2 protein chains.
Amino acid sequence: MANIYDVAREADVSIATVSYVINGKHNLNPETVEKVARAVEKLNYKPNRVARSLALNATNLIGVVVSDISNPFFSPIVRGIEDAAGRKGYIVVVGNSDEDWEKAGKYLDTLINHRVDGIILSPTSSFEKLENKLGGLDKPIVLINRSSTSFKCDTVESDNMLGAEMAVKHLLEMGHTRICAFSGPLSVSTHLKRIEGYRAAMAEWSVPIRDEYIVTSPRHNDMEFIRKSVTGLMTGNKRPTAIFAGSGKIALNVLKSVNEMNLRVPEEVSIISFDETEWASLINPPLTTVGQKTYKMGQTAAQILLERIDHGTTGNKIRNIRLVPELNIRSSVRALLS
Amino acid sequence: MANIYDVAREADVSIATVSYVINGKHNLNPETVEKVARAVEKLNYKPNRVARSLALNATNLIGVVVSDISNPFFSPIVRGIEDAAGRKGYIVVVGNSDEDWEKAGKYLDTLINHRVDGIILSPTSSFEKLENKLGGLDKPIVLINRSSTSFKCDTVESDNMLGAEMAVKHLLEMGHTRICAFSGPLSVSTHLKRIEGYRAAMAEWSVPIRDEYIVTSPRHNDMEFIRKSVTGLMTGNKRPTAIFAGSGKIALNVLKSVNEMNLRVPEEVSIISFDETEWASLINPPLTTVGQKTYKMGQTAAQILLERIDHGTTGNKIRNIRLVPELNIRSSVRALLS
DNA sequence: AAAATATTTTTAAGCGCTTAAATCAGATAG
DNA sequence: CTATCTGATTTAAGCGCTTAAAAATATTTT
C-alpha cells in the first residue's frame, strides 16, 4: 500500500508538500496541488490514519461501552452516537459490559491503550469501582442512561422519575388506585428513580402506598421472581387493578405471567410499561408505554463528547441532561369508573 | 500520560527492555522484569496501541459495516462479532450503511485509512459497485447475511432457500395449498433465495404456483404496498389460506394489514414469517417463524476473519457457510383439513 | 539591479513504539 | 591468561505521518 513517500516521489515534491495538499493547508501553488492529486489518484494512496494519529495525538476514535449492544434499548443509542460521530469524522468502537464492572474495566483499558479521543459509557452497578480509572483520564467521558452520584461528568439520561410519574398519573387519571409497581434492583439508579416517581405520583394524588405493591426484583430479568409475584398479588383478595412495569423486559415477563393466569388485559388488569419496544403496538391489546428517547440519548451524548474533545476537557461546567420520555397511550389501560 | 521513555528512565533500563518485558519476550533477568513492572505500576503506564500499531502494521481493529445497528436483526450479529473478536484481543468499530452503497463505500474508506486488520460487511444492493475498492484491498474481508455472486470471498449467511422451504413445507404439511409469499426486492439475494425456496417447496409437493401469489415489494418496508396487496388478495374470491412473510419487517406489516381488515389469525388466514423477533412469541396468536441464527452468524464471521488475519489472506480456499435456520412452531398456522 | 518582501517548498525533528543487530558482562574452556 | 561462548541489555533504525523553521524562489519596492 502506497505511502506518503511514494506519492512525493511520484509527484516530485517533498512529503511535507504532500501532507499539506492532503490536509488542504498552507499556500500551495495550484499546479503543485494538481500534480500531487494526480499522484494520489494514480497510486491509489490512502493516508495512514494510524501514523497521523500518532503524530497528532488524536485518533478520531470514540469508545462506547454499553451493557449489551443486542439489547433493543441500547442499539438505537449506539446508532445515535454513530450518526453524530460520523458526521464529524469520528468512528465508533463498541464493547459490551454485560452489566459486569470488571468486564467494563477491561474494555476501558483497551480503549485507553488505543487512545480513543473520548468515551461514552453506560454505568453498570458497582460503577464506583471504575471511578479511579476514569478519574485519572485526560480524555472526556460522558455517561449515558444512568448517572453516578459520586463521579462527576457530563451525563445524558432519561428523566426516569418524571417518566414514572407520567405513567402512574395516567393510571390514576384513568381511575386506578390499587397500582402495583414492578421494578428491577434498586441499586440501579434508573430503577430507583422510577420508584421515586411512582411514590411521588401516588403522593400527589394522596393515594396511600402499600409496601407489598412495590415489588423489586433482586436481579435483572428474573422471570421466576416475577411470575411468583404476579401470581401472589393477583390471587390475593385485595388485588391490584393496574401494574406499572418498570422496564420493557419486566413488562414482557409480567405480560407472560398474566397470560399464563388467563387474566384479561385490560379488563382484569391494566398494564403500563416503561420503555417503548418494537412489539408494544403489535401485541393484543397494544401496550401503553412511556418511551425513552434512545436515539436522541446517543446523539446528544456524542454531541457533548465531541464538543469536549474540540474545546478541551477542562472548560465549561458539567452538563446533566435529562430527556423527557413520552407517553404512548394505547389499549392496555382501561378506565376504571369507581 | 507516561510513555515508554518515562518507564525506561524510572526503571533505569532502555526502552527496548521495557518493550520486551511488556510483550513478554526474550531472555529477561527476573530482577529487571520486576524493576520494570514496578515502574509501569508507579507511572500508571498504558502502552500506546497506536504507536504499536504503526510499528507492527497491525491495529487489532476490525471494521464492521451493517445496514443498521439499531435493527434487531443486525444487533445480535454485531454482538457475536464483538464477543469473538474481543476474546482474541481485537476491538470492533461499527458503521451503518442504511442500504446505501455509497455510504458503505465512504465508511469503507475510513476503515481503510484507519488500517483495520479486517472487515466484516453486510452487502447492500448495488454491492458490485464496491467490488473494485474491496478487490484491491490487502486485508481480509468476510461477507455476512448476503452473498455476492461476482465478488469471491468468505461468506457467512443463512440458508435462505432452505429456511423458506422449511416454512412453506410446514404450511403444506398443515394442509395449505393456496399459499401466498410476500417478499422484499428480488435484487437482494436473500429475498431471491427465499422465493426460490418457496417455489421449490411448492414444486416438491406438486402444488401449482400462481404468479399473483408471489408479491414482491419494490422497496424494503413499503407499508403502503403491502397493505394494498394484502387487501387485494384477501378480498378476491380465490383468496389464500396462508401467507409466508419473507422477513420480520414484512410480517409486521402483513400482520397490521390483516388486523386492519379484521381477519382472524389463524382462523381466516395462517401466517408464517421468516426471522425470529423478540415479539413473535408475545403477540396474539404467537407467531410461527423460521428464525435465523444471527448471533452465530456474527461469531462465525469473526472467527473466519481472525483466522485469515492470523494466517495471511492468501491461503486456504474460500469458505461459504450457510447457517441452518430453525422452525419455531407457535400458533399462527392452523391445520387445514380439506 | 540590489534589497526587501511575499510566496512556495523543503528540511528535519518528533510522535511512541518494535526489533534486528551490536554490545557488554560473566561464565567456561583451552 | 586469553579466547570463546552464553545470556542480558542497549543501540539505532524504522513504521508513516505533521509541522515549525529554514530555504529557495518569485515578486515588489527602492
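Numbers given to residues run from 1 along each chain, matching the order in which its sequence is written. In the order they appear in the text, chains get letters beginning with A and ligands get numbers beginning with 1. Local features in this predicted model are restricted to residues of pLDDT 70 or higher, and side-chain atom pairs are both shown and tallied only at a pLDDT of 80 or more, whereas totals for entire chains, interfaces and linings draw on every residue. Note that water and hydrogens are dropped before the side-chain values are worked out from all heavy atoms of the structure.

Our focus in this paragraph is the interface of chain B and chain A. In what follows, residue pairs with any heavy atoms lying within 4.5 Å of each other are defined as contacts. Each partner contributes residues to the interface: chain B has 45 residues there, and chain A has 45 residues. Here the quantity called buried area is the total loss of accessible area, with a 1.4 Å probe, experienced by two parts when brought into contact, counted for both. Surface buried jointly by chain B and chain A totals about 4400 Å² across both partners, of which 62% is contributed by carbon and sulfur atoms. Think of a salt bridge as a Lys or Arg side-chain nitrogen and an Asp or Glu carboxyl oxygen that are within 4 Å of each other. Remark: the boundary between chain B and chain A carries eight salt bridges. With a shortest N-O distance of 3.7 Å, Lys249(A) and Glu278(B) are connected by a salt bridge. Think of a polar contact as two N or O atoms within 3.5 Å of one another; within protein, one of them needs to be a possible hydrogen donor and the other a possible acceptor, and neighboring residues in sequence only count if both atoms come from side chains. On the surface where chain B and chain A come into contact, there are 15 residue pairs in polar contact (both at pLDDT 80 or more). Contributions of two or more residues to the side of chain B that touches chain A are made by helix H4 (49–56), helix H5 (74–87), strand S2 (91–96), helix H6 (101–113) and helix H11 (248–260) of chain B. Secondary structure follows DSSP: runs of H or I at least 4 residues long count as helices, runs of E at least 2 residues long count as strands, and numbering of each begins at the N terminus.

Before going further, it helps to examine the pattern of salt bridges. On inspection of all chains with the given rule, the structure shows 46 salt bridges over all chains. Residue Glu165(A) is joined to Lys169(A) by a salt bridge in which the shortest nitrogen-to-oxygen separation is 3.5 Å. With Glu165(A) and Lys169(A) both in helix H8 (residues 160–173), this residue pair falls four residues apart, about one helical turn. Several salt bridges converge on common partners, so that one network encompasses Asp68(A), Asp98(A), Lys103(A), Arg79(B) and Asp83(B).

With that out of the way, let us pick up the protein's contact with DNA strand C. Proximity criterion: a residue is near a molecule or strand once any of its heavy atoms comes within 4 Å of it. Taken together, the neighbourhood of DNA strand C is formed by 29 residues, with Thr32(A), Ile4(B), Ser19(B), Lys25(B) and Arg52(B) sitting nearest. Put simply, 64% of the atoms of DNA strand C that lie within 4 Å of the protein are in sugar or phosphate. Contact distances for DNA strand C include 2.9 Å between a phosphate oxygen and a side-chain N or O atom of Asn23(B). Between DNA strand C and Tyr45(B), the relevant distance is 2.7 Å, taken from a phosphate oxygen to a side-chain nitrogen or oxygen of the residue.

Moving on, we come to the domain arrangement of chain A. All names here are of chain A. Where each domain begins and ends is defined by an automated method or by a domain database. Considered domain by domain, chain A is made up of domain 1 (4–47), domain 2 (61–158 + 294–324) and domain 3 (160–292). When domain 2 packs against domain 3, close to 860 Å² is buried across both sides, 51% of that on carbon and sulfur atoms. At the surface where domain 2 touches domain 3, the tally comes to zero salt bridges. On inspection of domain 2 and its partner domain 3, the count reaches three residue pairs in polar contact (both at pLDDT 80 or more). Broken down by secondary-structure element, the contributors of at least two residues to the side of domain 2 that touches domain 3 are strand S5 (155–158) and helix H12 (294–311). For this scheme, ten residues count as nonpolar: Ala, Val, Leu, Ile, Met, Phe, Trp, Tyr, Cys and Pro. Four count as charged, namely Asp, Glu, Lys and Arg, and the remainder, Gly too, count as polar. Residue composition of the side of domain 2 that touches domain 3, by class: three nonpolar, five polar and three charged.

Around DNA strand D, a shell composed of 29 residues is seen, among which Ser19(A), Lys25(A), Arg52(A), Thr17(B) and Thr32(B) lie nearest. Backbone atoms, meaning sugar and phosphate, form 64% of the atoms of DNA strand D found within 4 Å of the protein. Contact distances for DNA strand D include 2.6 Å between a phosphate oxygen and a side-chain N or O atom of Arg52(A). Within the contact set of DNA strand D, a phosphate oxygen lies 3.0 Å away from a backbone nitrogen or oxygen of Asn29(B).

Turning next to helix H1 (residues 4–11) of chain B. Residue and element names in this part refer to chain B. Here the term buried applies to any residue with accessible area under 20% of the maximum for its type, exposed to any over 50%, and partly exposed to those in between, with areas from a 1.4 Å probe on protein chains only. For H1, the complete set of buried residues consists of Val-7, Ala-8 and Ala-11. The buried residues of H1 occupy one face: seen down the axis, they fall within an arc of 100°. Along H1, the residues that are exposed and aim more than 90 degrees away from the buried face are Tyr-5 and Arg-9. Contact partners of the buried residues in H1: helix H2 (15–23) and helix H3 (30–43). Directions pointing from the helix axis toward each C-beta atom define the arc.

With respect to the helices and strands, the residue Leu192(A) is situated in helix H9 (residues 189–204). Residue class for Leu192(A) comes out partly exposed when judged on its relative accessible area of 37%.

Attention now goes to H2(B). Residue and element names in this part refer to chain B. The complete set of buried residues in H2 reads Thr-17, Val-18 and Val-21. Seen along its axis, H2 keeps its buried residues to an arc of 100°; they face one direction. Contacts made by the buried residues of H2 are with H1 and H3. Immediately downstream of H2, the backbone of Gly-24 shows phi near 60°, a positive value.

Turning our eyes to something else, we now look at the pairing of strand S1 (residues 61–66) of chain A. Residue and element names in this part refer to chain A. Burial of S1 is extensive: six of the six residues sit out of reach of the surface. Where burial is concerned, the two faces of S1 agree: the one with Leu-61, Gly-63 and Val-65 and the one with Ile-62, Val-64 and Val-66 are both buried. Here, any two strands with at least 2 DSSP bridges between them count as paired. Inspection of the sheet shows S1 paired to strand S2 (residues 91–96) by six bridges, in the parallel sense. Note that in S2 the partner of Val-66 across the bridge is Asn-96. Looking down the strands as they point away from you, a crossover is right-handed if its path from the first strand over the helix to the second goes clockwise. Taking the sense of rotation as the criterion, the β-α-β connection linking S1, helix H5 (residues 74–87) and S2 turns out right-handed. Looking at chain direction, S1 and strand S3 (residues 118–121) are connected through four bridges and run parallel. In the strand pairing of S3, Val-65 is matched with Leu-121.

With that settled, consider the relation of the copies chain B and chain A. When chain B is fitted onto chain A, the two copies agree to an RMSD of 0.1 Å after a turn of 180° and an axial shift of 0.0 Å. Both chain copies can therefore be described as sitting about a two-fold axis. The least-squares superposition of copies is restricted to C-alpha atoms, and to residues with a pLDDT of at least 70 in both copies.

Looking now at the packing of aromatic side chains. Two numbers describe a pair of aromatic rings. These are the distance of the centres and the angle of the planes. Between rings of Phe, Tyr and Trp, where Trp is taken as its six-membered ring, a pair exists when centres lie within 6.5 Å; planes separated by under 30 degrees are stacked, by over 60 edge-to-face, and by other angles tilted. Tallying each qualifying case throughout the model produces four aromatic pairs over all chains. Measuring from centroid to centroid gives 6.1 Å for Phe127(B) and Phe151(B), while their planes differ by 75°, and the two rings are edge-to-face. Of the two residues, Phe127(B) sits in the loop between strand S3 (118–121) and helix H7 (131–135) while Phe151(B) sits in the loop between strand S4 (141–144) and strand S5 (155–158), which places them 24 residues apart along the sequence. Of the residues examined, Phe151(B) reaches a relative accessible area of 12% and is grouped as buried. Each ring is checked for a lysine NZ or an arginine CZ that lies within 6 Å of its centre and within 35 degrees of its normal; such an atom marks a charge sitting over the ring. Its end group placed over the ring of Tyr213(A), Arg210(A) keeps NZ or CZ at 4.8 Å from the ring centre. Against the face of Phe274(B) rests Arg194(B), its NZ or CZ located 3.8 Å from the ring centre.

Attention now goes to the side chain of Glu131(B). Residue and element names in this part refer to chain B. Summarising the element assignment, Glu-131 is placed in helix H7. Buried within the structure, Glu-131 lacks any salt-bridge partner; its nearest side chain of opposite charge belongs to Lys-152, at an N-O separation of 9.0 Å. Within the structure, the side chain of Glu-131 is placed 2.6 Å from the side chain of Ser-150, a separation counted as a polar contact. Excluding residues within four positions of it along the chain, Glu-131 makes contact with Ser-148, Ser-150 and Phe-151. Only four residue types enter the charge count, namely Lys and Arg as positive and Asp and Glu as negative; His and the chain termini do not.

Our focus in this paragraph is the sheet that holds strand S10 (residues 288–291) of chain A. Residue and element names in this part refer to chain A. In space, the six strands of this open sheet follow the order S7-S6-S8-S9-S10-S12, with mixed pairing throughout. The open sheet terminates on both sides in strands that have one partner only, identified here as strand S7 (214–216) and strand S12 (326–328). Between one strand axis and the next, the sheet turns through 15° on average, direction left out of account. Pairing between strand S8 (residues 242–245) and strand S9 (residues 270–274): four bridges, direction parallel. Residue pairing for S9: Ala-242 is matched across the bridge by Ser-270. Orientation is described by axes fitted as lines to C-alpha atoms, over the contacting stretch for helices, and by angles from 0 to 180 degrees between their N-to-C directions. Contacts between H8 and the sheet are confined to strand S6 (179–183), S8, S9, S10 and S12, with S9 contributing the most and set at about 165° to the helix. Contacts from H9 reach S6, S7, S8 and S9, with the element oriented near 170° to S6.

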